[in-house]
Amino acid sequence: MASTTETKQKKMLILKSADNDEFEIEESVGVQSETIKNLVEDGFTFVPLPNVYTKALIKIIDYLKKHANKTDSNDEEIKTFDKDFVNTTFDDLFELVSAANYLHISCLMNMLCQTIADRIKDKSPEAVRKIFHINCDYTPEEEAKIRKANAQAFEGQFDESLD
Amino acid sequence: MEKQRKMMPMEGGDRLSDLPESILLHILSMLLEGKEVVRTSVLSRRWRFLWMSVPVSLFFGFPYGENQDDSKEVTLDYLASVHRELYYWKSFEKIRRFSVWGLRYEECYVKDVDLWVHFATKIANIEDFTLGLFNMHDQRYEFPQFAYKNTSWRNLVLWDCQLNFSCRVNWSNLVSLTLMYLNYLTEGVMENVLSGCPNLECLQLDGFWGIRCLEISNVKLRKLIIINYEGDLSLEILAPHIQNLQLKGSCRGEIYLRNVASLVTAVLHLGFDIGDGDEFQKESNCLKQLIHSVAPVENLELGPWCIKCLSILELKGWQPPPSRRKFLQLNNTFEQLDLPGICRFLQSSSNLETLVIDGFNHDTTNLLSKYINEDEQSRRFETHNFNCSLLHLKTIKFINFLGPLRKNKSVLSSVKYLLKHATVLEKFVIAAAYQGIYKGTTAKDYVKMELEFPGFPRSSPHASFIFSY
């Protein structure tokens, strides 16, 4: 029979952000990220993340910790957490989506992209431009041509509000 | 490590458009309607062609009207909306899945369905295509000739279509093929399909008759699923390369395995409708032969009908042949009546390492009660010698049992029986099913089981119980 005296110590990882801050997390929390998982499988315990800034990393570690402890009973709690998580500025969302993309966390990626897509949904192109500060660099003639090519897609009523 | 462009915040700038293309495509893929995605082309030059590369899956399911009168109208409306949607999607370059489901087919829709198939074969490079029609008026859609050649499909599901070939099939990249309710199928059609799919790995046939012998020589075809064989005459299967075979549903004729030399996993979840007057000679012979054919197979799963049938065969004195199976799953919340048949079957499973009893598929037919009553069978179970040696059985799992188990006589009997005969048992797992009305009582019941069960006599000193509820 195997010895039972060894104390079970949780394996830890160190993540280093783009601004050189270091964070210690449990391996089981970190491996929800495919990028981290691949490195862990190759034996790394120190993970430099040159594309992820401290501010985003703190939020993402929060997210990973919450989702690592997912059970049937805290389903509601996680839903509320997720809702709060995406309730932030566009600048934060874009920073997070880039980080989640780099870290390959697919559930987070889907949630963030859905949040951004929801701001495009049902809106007129003019409203979308204003919401995201998109600078239209078409000439009026070019724009008319593109609209004409898929005329039916531009028919109907759109949401012009900016919220 | 590859250096990626760092994103610098731009005060009030267009940070969305600055995101890498892969992220923008991911965002666009979250928009549900084709129109929405197409409209982004007008935002700026950056967005001009992005929409075309959005990976999408298209699923259309026909709704039903409130009553018969307006159902036709509802169908026509939906039909028009499918065509409108497809108009937008036709310029997309990455449509992985296209699925149309639930049209109650009449001949007047032939052009519409042809257009979908045309979309799936010629316009978009679709990988997964599902065409699910319902045959309501005895009018069947004939799968068009132009669709018998296609190299982009990987998964194809056809439901209620007629296959009529005047040319050779060429679906060279097809990996998985499911044909449902094709009804009449000939050996010639099957041969044409199989020879045209050299890369096929999984074949599922559901609801068919006409073939007497299904011969599969495709080397890559590893998985064969046969559901609801409706032929009156028996079906023979010659498939020397398949590793996974599943026979399911309600069969009319018998199924025999003539050559399944590579088989690793077999699922016998089939059953027959037995009338009251039948002696079911034919059906029990079929099961006996199937059990013989799968004796060398490593993993075996039996459904409710087969389990009942085993007990009837046991009463008639049948001995299952010795087997090499290491894994056995029994899908039934069995009753006292079933125990002798199961024990007899375990006697023929001396190499067994894992036994799973899954209560999810509950069988309500009283096939067995015609032959013997419960008291009599209990007495037989207690007095008869069902000793068996399970010298390798390490894991036993009771899963998906609903409601309290502690007072369930057949569960108690089988737990005691297994503890007595499994000499090297390590783990006995008892896990409750999804919980609903039984939640409170189940929990109490499990707490009591945790106290009682470990006290039962057992032959393995290392056996431990794990309860989960």
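Residues numbered from 1 in each chain as written. Chains lettered and ligands numbered in written order. Predicted model: local features only at pLDDT ≥ 70, side-chain atom pairs only at ≥ 80, totals over all residues. Heavy atoms only, no water.

## Overview of the UniProt feature "domain: SKP1 component dimerisation" (unreviewed entry) in chain A
As a reminder of what qualifies: UniProt positions are given in the numbering used here, feature names are shortened, and annotations may be inferred rather than shown by experiment. Each helix corresponds to a stretch of at least 4 residues labelled H or I by DSSP, and each strand to a stretch of at least 2 residues labelled E; elements are numbered beginning at the N terminus.
UniProt's entry tags residues 108-153 of chain A with the feature "domain: SKP1 component dimerisation" (unreviewed entry), counted in the numbering of this structure. Strand forms 0% of residues 108-153 of chain A and helix 63%; the C-alpha atoms that close the span are 30 Å apart.

## Details of the nonpolar core
Generally speaking, nonpolar side chains in soluble globular proteins are found buried as a group. Here is the rule: Here the nonpolar core consists of buried residues drawn from Ala, Val, Leu, Ile, Met, Phe, Trp, Tyr and Cys, with membership extended through side-chain atoms lying within 4.5 Å. Buried, partly exposed and exposed residues are distinguished by accessible area as a fraction of the type maximum, computed with a 1.4 Å probe on protein chains only: under 20%, between the cut-offs, and over 50%, respectively. By definition in these notes, contact holds between two residues if any of their heavy atoms fall within 4.5 Å.
Of all hydrophobic cores here, the largest spans 189 residues; its most connected members are B:Phe98, B:Trp116, B:Leu131, B:Phe143 and B:Trp171. For this core, the element with the highest residue contribution is helix H5 (residues 90-103) of chain A, accounting for eight residues. Residues in contact with B:Phe98, not counting those within four places in the same chain, are B:Leu58, B:Phe60, B:Leu86, B:Trp116, B:Phe119, B:Ala120, B:Ile126, B:Asp128, B:Phe129 and B:Thr130.

## Quick look at the sheet that holds strand S3 (residues 46-48) of chain A
Residue and element names in this part refer to chain A. As a reminder, the rule being used: At least two bridges found by DSSP between two strands are what make those strands a pair. With axes taken as lines fitted to C-alpha atoms, and helix axes fitted only over the stretch in contact, angles between N-to-C directions fall between 0 and 180 degrees.
Within the open sheet, the three strands sit side by side as S2-S1-S3. Their pairing is mixed. Only two strands of the sheet have a single partner each, and these edge strands are strand S2 (22-26) and S3. Strand after strand, the sheet turns through a mean of 25° between neighbouring axes, direction not considered. As judged from the three bridges shared by strand S1 (residues 12-16) and S3, these two strands associate in the parallel manner. Bridging from a neighbouring strand, Lys16 pairs with Pro48 of S3. Sheet contacts for helix H3 (residues 54-68): S1 and S2; angle to S2, the most-contacted strand, approximately 15°.

## Comments concerning the side chain of B:Arg325
Residues and elements named next belong to chain B. Our working rule: Only four residue types enter the tally: Lys and Arg on the positive side, Asp and Glu on the negative side, with His and both chain ends excluded. Here, a salt bridge means any side-chain nitrogen of Lys or Arg that lies within 4 Å of a carboxyl oxygen of Asp or Glu. Between N or O atoms, a polar contact is any pair within 3.5 Å; within protein, one atom must be a potential hydrogen donor and the other a potential acceptor, and residues adjacent in sequence are included only when both atoms are from side chains.
For Arg325, the location among the structural elements is in the loop between helix H8 (304-315) and strand S16 (327-331). Notably, Arg325 is buried but unbridged: the nearest opposite-charge side chain belongs to Glu298, and the N-O separation is 11 Å. A polar side-chain atom of Arg325 sits 2.6 Å from a polar atom in the side chain of Ser349. Discounting chain neighbours no more than four positions away, the residues touching Arg325 are Ala295, Val297, Glu298, Leu300, Phe345, Ser348, Ser349, Asn351 and Leu352.

## Considerations on the interface of chain A and chain B
Applicable threshold: Two parts placed together each lose some accessible area under a 1.4 Å probe, and adding up what both lose gives the buried area. Basically, the charged four are Asp, Glu, Lys and Arg, the nonpolar ten are Ala, Val, Leu, Ile, Met, Phe, Trp, Tyr, Cys and Pro, and anything else, Gly included, counts as polar.
Each partner contributes to the interface: chain A provides 40 residues, whereas chain B provides 33 residues. Interface area, chain A with chain B, both sides summed: about 3,600 Å², of which 61% is carbon and sulfur. At the boundary of chain A and chain B, one finds three salt bridges. The shortest N-O distance in the salt bridge between B:Arg45 and A:Glu142 comes to 2.8 Å. At the boundary of chain A and chain B, one finds 13 residue pairs in polar contact (both at pLDDT 80 or more). Only H5, helix H6 (106-118), helix H7 (125-132) and helix H8 (140-149) of chain A provide two or more residues apiece to the side of chain A that touches chain B. A per-element tally of the side of chain A that touches chain B places H5(A) first, with seven residues. A class-by-class count of the residues in the side of chain A that touches chain B yields 20 nonpolar, 10 polar and 10 charged.

## Description of helix H5 (residues 110-123) of chain B
In an α-helix, one full turn covers 3.6 residues, which means residues spaced three or four apart are oriented alike. Our working rule: Here the expected span of a helix is defined as 1.5 Å times the quantity of residues minus one.
The first and last C-alpha atoms of H5(B) sit 18 Å apart over 14 residues, in line with the 20 Å expected at 1.5 Å per residue. Residues B:Asp112, B:Val113, B:Asp114, B:Trp116, B:Val117, B:Phe119, B:Ala120 and B:Thr121 constitute the buried set of H5(B).

## Quick look at the UniProt feature "domain: SKP1 component POZ" (unreviewed entry) in chain A
According to UniProt, the feature "domain: SKP1 component POZ" (unreviewed entry) maps to residues 11-69 of chain A in the numbering used here. Counting secondary structure, residues 11-69 of chain A comes out at 46% helix and 22% strand; the distance between its end C-alpha atoms is 16 Å.

## Concerning the pattern of salt bridges
All names here are of chain A. Across all of its chains, the model carries 20 salt bridges over all chains by this definition. A salt bridge links Glu76 to Lys79, with the shortest nitrogen-to-oxygen separation between them at 3.9 Å. Of the two residues, Glu76 and Lys79 both sit in helix H4 (residues 75-86), three residues apart, roughly one turn of that helix. A relative accessible area of 55% means that Glu76 is categorised as exposed. With a closest N to O distance of 2.9 Å, Glu126 and Arg147 form a salt bridge. A residue pair is termed long-range when its members are at least 10 positions apart, and Glu126 in helix H7 and Arg147 in helix H8 qualify at 21 residues. Since its relative accessible area comes to 23%, Arg147 is described here as partly exposed.

## Comments concerning the side chain of B:His269
Checked against the element boundaries, B:His269 lands in strand S14 (residues 265-272). Since its relative accessible area comes to 18%, B:His269 is described here as buried.

## Examining the environment of B:Glu452
The residue B:Glu452 is located in helix H12 (residues 439-452) in this model. Sequence separation between B:Glu452 and B:Leu235 is 217 residues, and the spatial gap between their C-alpha atoms is 49 Å.

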